[in-house]
Amino acid sequence: MLDPNWVFVSAALGMVGCVRYVIATLTGSARPNLVTWTLWAAAPLIAFAAQVDAGAGLPAVLTLAAGAGPLLVVAAGLLTRHDRVRIGAFDVACGTVAVVALAVWLVFDAAPLAVFVAVGADAAAAAPTVRKAWRDPGSENLLFYVLVGLGAILTLLTVTTWDPVAWAFAAYMLTLCGLVVAVVALRR
């Protein structure tokens, strides 16, 4: 097990990945799905609040960074619309599922449930980007997913209590990053 302060390195890796994705978006080499990235900002920020409420400790730092970074990507995506960002019915359906999942948590107001609902909402929000990565692997910036995946590994190595509130979001992030990297690598 690593010293719990390694979560700050983990969060920094995620933020570096987001900044790289922002640059790739601004230069046109990455095209973010705005539904995904907006919900990737909202779900982790809600999960972060739930983790703080439940006393998850330092592992929540990764979740905070996982919400703050995508806000930058959304801003870059909105600045560089140039017909690169299209929202279709599939995006709206996945976004609706994610929003409903977050609303369910707000109604029940239970921190452990909130973390799992946020993971589910985040996964629903990720579906359009996974689909886009399959169809257009060149539209994704792999370095982002590699850095966030490494950050998730570091966070998991710092967990001192195996209460799901502490580790569930990091485990999900590692799984999602592995999936996107695999999809893009196979399709390129």
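See the structure printed just above.
Residues numbered from 1 in each chain as written. Predicted model: local features only at pLDDT ≥ 70, side-chain atom pairs only at ≥ 80, totals over all residues. Heavy atoms only, no water.

S.K.: Can you lay out the nonpolar core for me, pointing to particular residues and giving the numbers?
M.R.: Judged by nonpolar contacts, the single largest core of 43 residues is most densely connected at Trp37, Trp40, Tyr145 and Met173. Sorting the residues of this core by element identifies α1 (6-27), α2 (34-54), α3 (60-79), α4 (89-108), α5 (111-135), α6 (142-158) and α7 (164-187) as the ones contributing at least two each. Core analysis: the second largest hydrophobic core is formed by six residues, Ala50, Ala114, Val115 and Val165 among them. (Core = buried A, V, L, I, M, F, W, Y, C linked by side-chain atoms within 4.5 Å. Buried < 20%, exposed > 50% of the residue type's maximum accessible area, 1.4 Å probe, protein only. Helix = DSSP H or I, 4+ residues; strand = E, 2+ residues; numbered from the N terminus.)

S.K.: I'd like a description of α1, backed by residues and values.
M.R.: With 22 residues, α1 extends 32 Å between its outermost C-alpha atoms, agreeing within 8% with the 32 Å of an ideal straight helix rising 1.5 Å per residue. Along α1, the residues that are buried comprise Val7, Ser10, Ala11, Gly14, Gly17, Cys18, Tyr21, Val22, Ala24 and Thr25. Down the axis of α1, the sector holding all buried residues measures 165 degrees, keeping them to one side. Remark: Gly28 follows α1 within two positions and exhibits a positive phi of approximately 90 degrees. (Expected span 1.5 Å × (residues − 1). Arc of directions from axis to C-beta.)

S.K.: Can you explain the state of the cysteines? Please cite residues and give values.
M.R.: Evaluated as defined, the whole model comprises zero disulfides. As a non-bridged cysteine, Cys18 has Cys177 as the owner of its nearest cysteine sulfur, 9.8 Å distant. Residue Cys18 is classed as buried on the basis of its relative accessible area, which comes to 3%. Judged by relative accessible area, Cys177 falls into the buried class, the value being 6%. (Disulfide = S-S within 2.5 Å.)

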